[in-house]
Structures are given as structure tokens and as C-alpha cells.
Amino acid sequence: MSQPEQSYYKAYAARDARFDGVFYIGVTSTGIYCRPICTARTPKEANCCFYENASSAEKAGFRPCLRCRPELAPGTAPVDDARRIACLIMQRIETALTEDGVRLDGIASQFDLSTRQLRRIVQKQLGVSPVELVQTRRLLLAKQLLTETALPITQVAYASGFGSLRRFNHAFSTCYGMPPTRLRKTMADTAEQVAGQEALVLQLSYRPPYDWAGILKFLEARCLKGVECISADSYARTVRLGTHTGWVKVAQLPGKNALAVTFAQSLLPVLQLLLSRLRSLFDLDARPDLISGHLSQDILLRAAVLRNPGLRVPGAFDAFELVVRAILGQQITVKAATTLAGRYAEAFGQKIKTPLESLTHLTPVPELIAKAGSSKIAALGVIATRASSIHAVAEAFVHDQLKLEAGAHPEALINQLTSISGIGKWTAHYIAMRALRWPDAFPKEDIIIRNNLGDATAAEADTLSQAWRPWRSYAVMHIWNNMPLKKRKQKLHA
């Protein structure tokens, strides 16, 4: 089995959903081909063949799996896979739509589907209806709010997405066989305790080990002044989600495999979306055991991985913000780019009052940047070509021509990004790595990567990286953070 095929098998064995639609597995012992997320028992590696598209698998004589339904994989049908559709449904709710306002027809139209088709796809893929899927997410959040906060039951109901207290009580009792009050710890004068509070605290769990100090160090170097604030033990930022604004602060919980999320009560209506963005930003759903186990097999990365098995790839809280930051960072130092980003946030970000003195502005929105034009961006000291690129990206966001969503097909998005004047392959792969949560991005042109690999050429770096697939994004972080800056030319040919 070739090296790329071996990396595909590892992604398949891990059931990493980020590879769904990127390749397909033909199983010679059954004559069936599947998606990487298929829940059937993993076949032996010797019985697997890998194909870049469903057509190739069928041409080779394999028939589609009835369980994972390859026709629903991203990029192979007019509709994306059911998991992404379900995600979009949740995003609609998380942006403060009421229970009665969940418009399945609007979501279905994005995929050229009827509402009936959308319901059928979700039902067959996940075993539940869209309404049941939504209700489960709401109830799980409600359980967390009931046990971790002192919010009154009514506020818990609305924060979880229910349109009324009556519906919440009925759904909770029906699903869990108990009233929601039974989960609430005995607390005297609950309403009075909450009345004077401006913030709430929840937990987000992760699989250990987790390099919290490392992720803070990475984000601190790229901090958007006024919008973000990073200390030795915490990350904080201002938040704009739809029409709701506020702030959030995240710190590691001592003695627990979890982060403590402190957030403004003004963000309660979009709490699901807020928590989802934070899970992405801090890469909380990664499998460090599988990733480190694979990368440590390579002699070039072994020492770095063993030093830091809990390394994560920071995501993006706001995709547009990340793209702008990436463009500003092209061919200049991280420190210089951070200085320009601070000017940009101060010039175009809306002012906001927060309890944290250093959080003063909301991140600039694409609509304002598109309206401002490239000349006002360039006036901040940004090179004219990069200012034009930022303006072009803002226009693309405003007109829905560029959608950087986790789960999008990475190669297609990378090609779309590089078609924008001023965005090169390095920037596109960096954006894919963080905004798309693509675990196999590899900016082979990166000078630090090439230096740390022994003054390698881009082609040599790409060749070496094949052994790290399908988790090259994590290899990139190890190379940036942990590999000493010294020549390793002799190992290139080892």
C-alpha cells in the first residue's frame, strides 16, 4: 500500500469526519465502497482500496454502501452531507430564531432541495428528524445550564432555544422522565443571585492531553488588539454573533479536562453558536492519541511530538477576521502583522464597553470593509495590493461568494481563495488549516517550515510531509513551535 493510501486508512480508522468527501474506500472482501465516516466495522488494511471520487470506485466494480450512502458525501451531489445540513439547521437556531421560526425551506433551498427531501436525508443519515435533532441539542444545553449556572428555569428555556417555558417543561419531562427542576441543585434565592450578575460560567470538555499554554502562546502572538486579550492563563475577546454582542473569557479548569467559559449574559440567545465557535477555536474535538501516535512514527517529528503530545491546531472564532489577519501576515513578521491588525481593528471595529479594560472594539464586519474601499485600508500602512485583497475578500463575503465553513471541501476552497488577487497558496492553506478546520493543510512554501526541515525546497518539504498525512496541519504546528531552528539537511535524504 502506498504512503497516501496508508494515510487514508488511518483517517478512515479514526472516522475523521473532516475527510468526508475527500476519498472513498473500496472493500475487496465485500465489493462495497464507503465514506470515511461509515460506521461499519473497519476492514483489514489489505482489503482496502482508495479512490478520489465515487465514480472511480464504481468503475472499479464496487457498489455503494447502503449504510453511509456515498451519494450524500460533500461534493458528490447537489446536496452536502446530512451532517452539514444538520449543522446549518443548528446555526439558524443558534442565531436566535425561535422554535417556530426554524425555516427548513430556507435551509433546503441552499442545497437545491425541497423541505421534504431535506427531512428525508436527515432522517436516513442520522436516524432522527430535523426537529428531533434540534430538540436533543437544546435539551443537552439546558441540562448543562441547569447544573452549572443559577439561571432561573425560564431563562434556561429561552437560552436553550425553546420558544416558551411550557414547551421546555414538556420536552424535558418527555425525554428525561423528570421535571427540569430536579436537576437544579438546591440554591437559596436563585433569582436574586443571578439578578446582579453580568456573566455566566460553563465548561467545555476535551480529550487530554491538552497544551493550553501552547495555544495561548500562539494566539497571543497574533492577538487582535482591542478585540482580543491573552494573558498567561486565559483568552478573552469581544463577540458579535448576529445582532448580539458581548464578551467571553476562557481559562483552563485546574484538575479537570475542561475549559471554563465565562461569558456576558447578553450572549445567552446565541449560546449554542458561541460554544460551537469556541470548540473550533481551541480544537477541543481533536483526538491527540491518534494524531500523536501517527506523527511520532516519523523520525523528523518524533522528538517534537513526544515533548508535546497535547498540541492543538488553533481554529478561528470569526472566519472573515482570520482571512484578513492571514493576508496582513503575508511576507512580514508575525509582530509586524499584529501591529497592522491592531490599527485595522481600531479603525474599522465598532466600540464596545466590557468589564475587561483591554477589550474595546468588536471585530470589523465585511460590510463595513467592503464599503470603506481599499484606499482607507492602505492608509493604515497596509501595502496597496494587500489592501485590495482584503477589500475583495470583504466583497466576496458580503455577496455570499465565499463561505468558509468547517466541512467545506478544502481543495475547492483553496482554489477559490487563490483565485483572489493577492492570495497565494501559503495564505490559502493557512486559512484552510484554521478557518476550515482542515487537518491535512500544508503550506509547503512557508519559510520556517523549510528552514526547520534543513533548508528544504517547497517540493522537498511536500515530499517529506506525505508521511504525516492525514494530519499535516498538526505537523505544521509542531514544526513551527517545537522543532529547533537548525539545519536538518542530512535527514532529508535519510
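These numbers were taken from a predicted model, which means no experiment stands behind them.

Conventions we followed
For every chain, the first residue of its written sequence is number 1, and the numbers climb from 1 along that sequence. For a predicted model such as this one, the threshold for reporting local features is a pLDDT of at least 70, and the threshold for listing and counting side-chain atom pairs is 80 or more; totals across whole chains, interfaces and linings nevertheless cover every residue. Side-chain figures throughout are based on the complete set of non-hydrogen atoms in the structure, without hydrogens or water. Only runs of H or I of at least four residues qualify as helices and only runs of E of at least two qualify as strands under DSSP, and these elements are numbered from the N terminus. Summary of the burial criterion: residues with accessible area below 20% of their type's maximum are buried, those above 50% are exposed, and those between are partly exposed, where the area comes from a 1.4 Å probe applied to protein chains only. For the area figures, the Shrake-Rupley method with a 1.4 Å probe applies, and any residue is considered shielded solely by the protein chains shown. Within 3.5 Å is the distance limit for a polar contact, defined as a pair of N or O atoms, with the added protein rule that one can donate a hydrogen and the other accept it, and that residues adjacent in sequence qualify only through two side-chain atoms. Pairs of residues are marked as contacts when any of their non-hydrogen atoms sit within 4.5 Å. Following DSSP output, two strands are said to pair if at least two bridges run between them. We count a salt bridge whenever a side-chain nitrogen from Lys or Arg sits within 4 Å of a carboxyl oxygen from Asp or Glu. Here the axes come from fitting lines to C-alpha atoms, over the contacting stretch only for helices, and the angles between their N-to-C directions go from 0 to 180 degrees. Crossings are classed by handedness, with left-handed meaning an anticlockwise turn of the near helix from the far one by less than a right angle and right-handed meaning a clockwise turn. Gly is placed with the polar residues, together with every amino acid not listed as nonpolar (Ala, Val, Leu, Ile, Met, Phe, Trp, Tyr, Cys and Pro) or charged (Asp, Glu, Lys and Arg). What we call a nonpolar core is a set of buried Ala, Val, Leu, Ile, Met, Phe, Trp, Tyr and Cys residues that are connected through their side-chain atoms within 4.5 Å. The reported arc concerns the directions from the helix axis to the C-beta atoms and nothing else. A pair of cysteine sulfur atoms is labelled a disulfide when the two atoms are within 2.5 Å. Two rings from Phe, Tyr or Trp (for Trp, the six-membered ring) form a pair when their centres sit within 6.5 Å of each other. Planes less than 30 degrees apart are called stacked, planes more than 60 degrees apart edge-to-face, and all others tilted. Geometrically, a charge over a ring is one whose NZ (Lys) or CZ (Arg) sits within 6 Å of the ring centre while staying within 35 degrees of the ring normal. We count Lys and Arg on the positive side and Asp and Glu on the negative side, and we leave His and both chain ends out. Orientation is classified from the angle alone, with under 35 degrees giving roughly parallel, over 145 giving roughly antiparallel, 65 to 115 giving roughly perpendicular, and any other angle giving oblique.

1. Some remarks on the overall build of the protein
And then number 1: Each helix and strand in the protein was counted, giving 24 helices and 9 strands.
And then number 2: Within the protein, the fraction of its 494 residues that count as buried is 52%.
And then number 3: Carbon and sulfur atoms form 52% of the exposed surface of the protein, whose accessible area is close to 22,300 Å².

2. What to know about the side chain of Arg 469
And then number 1: Residue position: Arg 469 is located in the loop between helix H22 (458-465) and helix H23 (472-481).
And then number 2: A distance of 2.8 Å separates polar atoms of two side chains, one belonging to Arg 469 and the other to Asp 440.
And then number 3: A polar contact is formed between the side chain of Arg 469 and the side chain of Gln 466, at a distance of 3.4 Å.
And then number 4: If we skip the residues at most four places from it in the chain, Arg 469 touches Ser 7, His 294 and Asp 440.

3. So, the sheet that holds strand E2 (residues 32-34)
And then number 1: What the 4 strands build is an open sheet, ordered E3-E1-E2-E4; its pairing is mixed. Two strands bound the open sheet, and with one partner strand each, they are strand E3 (48-51) and strand E4 (63-64).
And then number 2: Both strand E1 (residues 24-27) and E3 contribute to a ladder of 4 bridges, which runs antiparallel. The residue bridging Tyr 24 from the neighbouring strand is Tyr 51, located in E3.

4. Overview of the pattern of salt bridges
When the charged atoms of two side chains lie near each other, side chains of opposite charge can form a pair.
And then number 1: Tallied over the full model, the rule gives 8 salt bridges.
And then number 2: Notably, a salt bridge pairs Arg 279 with Asp 285, separated by 2.8 Å at the nearest N-O pair.
And then number 3: Salt bridges sharing partners connect three or more residues here, namely Asp 440, Asp 462, Arg 469 and Arg 472.

5. Here we look at the packing of helix H14 (residues 319-328) against helix H20 (residues 425-434)
A pair of packed helices can be characterised by two numbers: the angle between their axes and the separation between those axes.
And then number 1: At their nearest, the axes of H14 and H20 sit 10 Å apart, and the two run at 145 degrees to each other. Relative to H20, H14 is oriented so that their crossing is right-handed. Taking contact as the criterion, the partners of Leu 322, Val 323, Ala 326 and Ile 327 in H14 are, on H20, Trp 426, Thr 427, Tyr 430, Ile 431 and Arg 434.
And then number 2: The class makeup of the residues in the contact of H14 with H20 is 7 nonpolar, 1 polar and 1 charged.

6. A short note on the nonpolar core
And then number 1: Membership of the largest hydrophobic core comes to 124 residues, with the highest contact counts inside it found for Phe 168, Phe 263, Leu 278, Phe 282 and Trp 468.
And then number 2: Element by element, the count of residues in this core is highest for H14, at 8 residues.
And then number 3: The contact partners of Phe 263, leaving out residues within four places of it in the chain, are Glu 198, Ala 199, Leu 200, Val 201, Leu 202, Trp 247, Val 248, Leu 268, Leu 271 and Leu 274.
And then number 4: With 6 residues, the next largest nonpolar core counts Tyr 24, Tyr 33, Tyr 51 and Phe 62 among its residues.

7. Remarks on H22
And then number 1: Every buried residue belonging to H22 is among Ala 461, Leu 464 and Ser 465, and all of these are buried. Taken down its axis, H22 places every buried residue within 100 degrees of arc, on the same side. With respect to the buried face of H22, the exposed residues turned more than 90 degrees away are Ala 459 and Thr 463.

8. Considering unusual backbone geometry
And then number 1: Between Pro 208 and Pro 209 the backbone carries a cis peptide bond, its omega angle lying at -5 degrees.
And then number 2: You can see Pro 209 is positioned in the loop between strand E5 (199-205) and helix H10 (212-221).
And then number 3: Residue Arg 15 is not a glycine yet carries a positive backbone phi of 55 degrees.
And then number 4: Along the chain, Arg 15 falls in the loop between helix H1 (3-13) and E1.

9. Brief notes about the sheet that holds E5
And then number 1: With antiparallel pairing, the 5 strands of this open sheet are ordered in space as E5-E9-E8-E7-E6. In this open sheet, the two strands that pair with only one neighbour each are E5 and strand E6 (228-230). In this sheet, neighbouring strand axes are inclined to one another by 20 degrees on average, regardless of whether the strands run parallel or antiparallel.
And then number 2: Bridging between strand E8 (residues 244-252) and strand E9 (residues 258-264) involves 5 bridges; their strand directions are antiparallel.

10. Comments concerning the state of the cysteines
Covalent bonding between the sulfur atoms of two cysteines defines a disulfide.
And then number 1: Taken as a whole, this structure holds 0 disulfides when the rule is applied.
And then number 2: Not part of a disulfide, Cys 49 finds its nearest cysteine sulfur in Cys 48, a span of 7.6 Å.
And then number 3: On the accessibility criterion, Cys 49 (24% relative accessible area) is partly exposed.

11. Comments concerning the packing of aromatic side chains
And then number 1: Counted under the stated rule, the structure contains 20 aromatic pairs.
And then number 2: On the basis of an interplanar angle of 75 degrees and a centroid distance of 6.4 Å, the ring pair of Tyr 9 and Tyr 12 is categorised as edge-to-face. Note that Tyr 9 and Tyr 12 are positioned in helix H1 at a spacing of 3 residues, about one turn of the helix.
And then number 3: Above the ring of Tyr 176, the side-chain terminus of Lys 143 is found at 4.7 Å from the ring centroid.
And then number 4: Positioned above the aromatic ring of Phe 218, the side-chain terminus of Arg 222 is 3.7 Å from the ring centre.

12. Comments concerning the environment of Ala 304
And then number 1: Note on placement: Ala 304 falls in helix H13 (residues 302-307).
And then number 2: According to the relative accessible area criterion, Ala 304 is buried, its value standing at 2%.
And then number 3: Sequence separation between Ala 304 and Ala 475 is 171 residues, and the spatial gap between their C-alpha atoms is 9.3 Å.

13. Description of the side chain of Arg 325
And then number 1: Inspection of the secondary structure puts Arg 325 in helix H14.
And then number 2: It turns out Arg 325 is buried and unbridged, and the closest side chain with the opposite charge, Glu 228, is 6.7 Å from it.

14. Topic: the pairing of E8
And then number 1: Pairing geometry for strand E7 (residues 234-241) and E8, over 8 bridges, is antiparallel. Pairing of Arg 240 across the sheet is with Thr 245, part of E8.
And then number 2: Connecting E7 to the next strand, E8, in antiparallel fashion are 2 residues, including Gly 242 with a positive phi near 65 degrees.
And then number 3: Where E8 hands over to E9, the hairpin turn is made up of 5 residues, of which Gly 255 adopts a positive phi near 75 degrees.

15. Some words on the packing of H14 against helix H15 (residues 334-348)
And then number 1: Between H14 and H15, the shortest axis-to-axis distance is 9 Å and the interhelical angle comes to 130 degrees. Taken together, the axes of H14 and H15 lie oblique to each other. When you trace H14 past H15, the crossing you get is right-handed. In contact with Phe 320, Val 324, Arg 325 and Leu 328 of H14, H15 contributes Val 334, Ala 337, Thr 338, Leu 340, Ala 341 and Tyr 344.
And then number 2: For the contact of H14 with H15, the residue count by class is 8 nonpolar, 1 polar and 1 charged.

These figures come from the coordinates and say nothing about function on their own.
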